[in-house]
Amino acid sequence: MLRYLTAGESHGVGLVAILEGMPAGLKINPARINEELKRRQQGFGRGKRMEIEKDKARIISGIRKGLTLGSPIALFIENKDSSLERLPRVTCPRPGHADLAGLLKYGFTDARNVLERASARETASRVGIGAICKIFLEVFKIRISSKVLSLAGECSQAGMREKILEAKEKKDTVGGIFEVVARGLPCGLGSYVQADRRLDARLSQALISIPGIKGVEIGLGFGYADKFGSGVHDAIYYSKNKGYFRKTNRAGGIEGGISNGEDIVLGACMKPISTLINPLDSVNIITKKPAKASVERSDICVVESAGVIAESVCAYVLADAFLEKFASDALSDIKDNYQNYLKRIC
Ligand SMILES: Cc1cc2nc3c(=O)[nH]c(=O)nc-3n(C[C@H](O)[C@H](O)[C@H](O)COP(=O)(O)O)c2cc1C
């Protein structure tokens, strides 16, 4: 079983990630982790913070001579802007953020105590963890990618860019829809036997846990709702070369909570960024008088980055499900288990 924990504030000393359950013997190239961290920071529409931070992970534990030891892997990502102790108090909570609910829940009088952890900067830790999970999955030729499908309703590259420029001009923000695809998966990951073992449920939870993600689709998703059953399911075929296969993949690679051997296709919708340069109405929590919401340094559009984070959290879920099915503490045993299984199901 895999598990992870992250720690760190947006402007604290740095971010920490601990991943436990990776088998021993996996070759880790630290450059690959940094490559993924860099991808998270890119995309048209990112703000000034990403010009300051150049994320790099320091491996603290769990790897020796380039190979995993089977012990917890700890990563540390330093914050270049670590001004946490000097940053001003925030007393006008921003709509669309954890600010107000967090203030009330934890009994604070400074929303900075909330937003520093609620910030999506935390997702750098998850991308570090996801990178290790991707390296593991790639041993078995499983690859995960993402792409932006639309921004503010625009689907063409030029249209999407225009929307970001328009938002910048109007001091506004945009959201959008992205897709994540996992290729090369075997049939049989996840299970229908308990609700919390369903692969669709686990992937949905992972996607919706990314800040700003408000909708998740699997396969046709909401597109199922306006069609007849005869037009939406994927007929089953068999050939000696391919084994069982489908000519369509409307299910998005999962049936009954189990991967069916086709590509896993997920969609997710991200809301427009909540921090606005022209802030919405709020209330000063000290005076209880009307006030404009606080303004923090902010992005205009991060849908592309959210796609990279989504790849990472999906990599974690898929690596976890893969280890559940082909479990061992040593990578070499897992390879044997996998080959035996493939022989049986062909
Ligand atoms: C990569 C990434 C970067 C983000 N950057 C910002 C930002 O600069 N400003 C902002 O207001 N929200 C940003 N968000 C979204 C907020 O973190 C999120 O909307 C907020 O924490 C509230 O959570 P919720 O939208 O899930 O309810 C970002 C999200 C992601 C995934």
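Residues numbered from 1 in each chain as written. Predicted model: local features only at pLDDT ≥ 70, side-chain atom pairs only at ≥ 80, totals over all residues. Heavy atoms only, no water.

**Q** Would you mind showing me how to read the overall build of the chain here?
**A** Along the backbone of the chain there are nine helices and 16 strands. A compact globule built from 346 residues would reach a C-alpha radius of gyration of about 20 Å, and the chain, at 22 Å, matches this within 12%. Burial status across the chain gives 46% buried among its 346 residues. Intrachain contacts of the chain at a sequence separation of at least 6 include 71% that bridge at least 24 residues. When the accessible surface of the chain is totalled, it reaches about 17,700 Å², and 55% of it is carbon and sulfur. With 52 positive and 39 negative side-chain charges, the chain shows a spacing of 2 Å between the two charge centroids. (Helix = DSSP H or I, 4+ residues; strand = E, 2+ residues; numbered from the N terminus. Rg over C-alpha atoms; globule rule 2.2 N^0.38 Å. Buried < 20%, exposed > 50% of the residue type's maximum accessible area, 1.4 Å probe, protein only. Contact = heavy atoms within 4.5 Å. Areas by Shrake-Rupley, 256 points an atom, 1.4 Å probe, with all protein chains shown as cover. Lys, Arg positive; Asp, Glu negative; His and termini not counted. Charge placed at Lys NZ, Arg CZ, Asp CG, Glu CD.)

**Q** I'm lost on the sheet that holds strand β3 (residues 57-61) in this one. Help?
**A** The pairing of strands in a sheet comes from backbone hydrogen bonds and takes either a parallel or an antiparallel form. Taken in spatial order, the four strands line up as β1-β2-β6-β3 in an open sheet, and their pairing is antiparallel. Every other strand in the sheet has two partners, leaving β1 (3-7) and β3 as the edge strands with one partner each. Going across the sheet, the axis of each strand differs from the next one's by a mean of 20°, ignoring polarity. Of the strand pairs in this sheet, strand β2 (residues 14-20) and strand β6 (residues 73-78) are connected by six bridges, and their pairing is antiparallel. When the bridges of β6 are listed, Val16 appears paired with Phe76. Each of β3 and β6 touches helix α1 (residues 30-41); the most contacted strand, β3, lies at about 135° to it. (Pairing = 2+ DSSP bridges. Axes fitted to C-alpha atoms, helices over the stretch in contact; angles between N-to-C directions.)

**Q** Honestly, the sheet that holds strand β8 (residues 176-183) in this entry has me stumped. Any pointers?
**A** Across the sheet, four strands lie side by side as β7-β8-β14-β9; this open sheet has antiparallel pairing. With one partner strand each, in any of the chains shown, β7 (143-151) and β9 (213-218) form the two edges of the open sheet. Recorded for the sheet is a direction-independent mean angle of 20° between the axes of neighbouring strands. Pairing analysis gives five bridges linking β9 to strand β14 (residues 264-270), with the strands arranged antiparallel. Its bridge partner lying in β14, Ile218 is registered against Leu266. Of the strands in this sheet, β9 and β14 are in contact with helix α7 (residues 199-208), which crosses β9 at around 155°. Sheet strands touched by helix α8 (residues 303-325): β7, β8, β9 and β14. Its angle to β7, the strand with the most contacts, is close to 150°.

**Q** Could you clarify how one ought to interpret the environment of Ser305 in this entry?
**A** Position of Ser305 among the secondary structure elements: in helix α8. Spatially, the C-alpha atom of Ser305 lies 14 Å from that of Ile164, the residues being 141 residues apart in sequence. Leaving out residues up to four positions away in the same chain, Ser305 has contacts with Arg40, Gln42 and Arg46.

**Q** When you look at helix α5 (residues 123-139) in this model, what are you seeing that I'm missing?
**A** Count 3.6 residues to each turn of an α-helix, and residues three or four apart come out pointing the same way. An ideal rise of 1.5 Å per residue puts 24 Å on 17 residues; α5 measures up with 24 Å between its terminal C-alpha atoms. Of all the 17 residues making up α5, 15 are buried; the element is thus mostly covered by neighbouring parts of the structure. (Expected span 1.5 Å × (residues − 1).)

**Q** Explain the layout of surface pockets here, please?
**A** Any empty space left between atoms is shown by rolling a water-sized probe over those atoms. In this model, the largest pocket occupies a volume close to 1,000 Å³. Elements supplying a minimum of two residues to the lining of the largest pocket: α2 (49-52), α4 (112-118), α5, β9 and α8. Considering each element in turn, the lining of the largest pocket owes the most residues, four residues, to α4. Tallied by class, residues from the lining of the largest pocket come to 17 nonpolar, 13 polar and 15 charged. Every residue lining the second largest pocket is counted, 18 residues in all, and those nearest its centre are Cys187, Lys242, Tyr244, Asn260 and Gly261. Within the residue set of the lining of the second largest pocket, elements represented by two or more residues are β11 (243-246) and α9 (331-345). It is β11 that provides the largest number of residues to the lining of the second largest pocket, a total of four residues. (1 Å grid on protein atoms, 1.4 Å probe; cavity = no way out; pocket = protein on both sides within 12 Å on 5 of 7 lines; lining within 4 Å. Points joined across faces, edges and corners; volume = space filled by probe spheres on them. Nonpolar A, V, L, I, M, F, W, Y, C, P; charged D, E, K, R; others polar.)

**Q** What am I meant to see in the site of the ligand here?
**A** Neighbouring the ligand are 19 residues; His97, Lys271, Thr275, Ser298 and Asp299 lie closest to it. A distance of 2.8 Å separates an oxygen atom of the ligand from a polar side-chain atom of Lys271. Within the side chain of Thr275, one N or O atom sits 2.5 Å away from an oxygen atom of the ligand. In isolation the ligand has 630 Å² of accessible area, and contact with the protein removes 85% of it. Most atoms of the ligand, that is more than half of them, are within 2 Å of grid points of the largest pocket. A breakdown of the residues in the shell around the ligand according to their chemical character gives eight nonpolar, seven polar and four charged. (Near = heavy atom within 4 Å. Polar contact = N/O pair within 3.5 Å; in protein donor to acceptor, adjacent residues only side chain to side chain. Sits in = over half its atoms within 2 Å of the grid points.)

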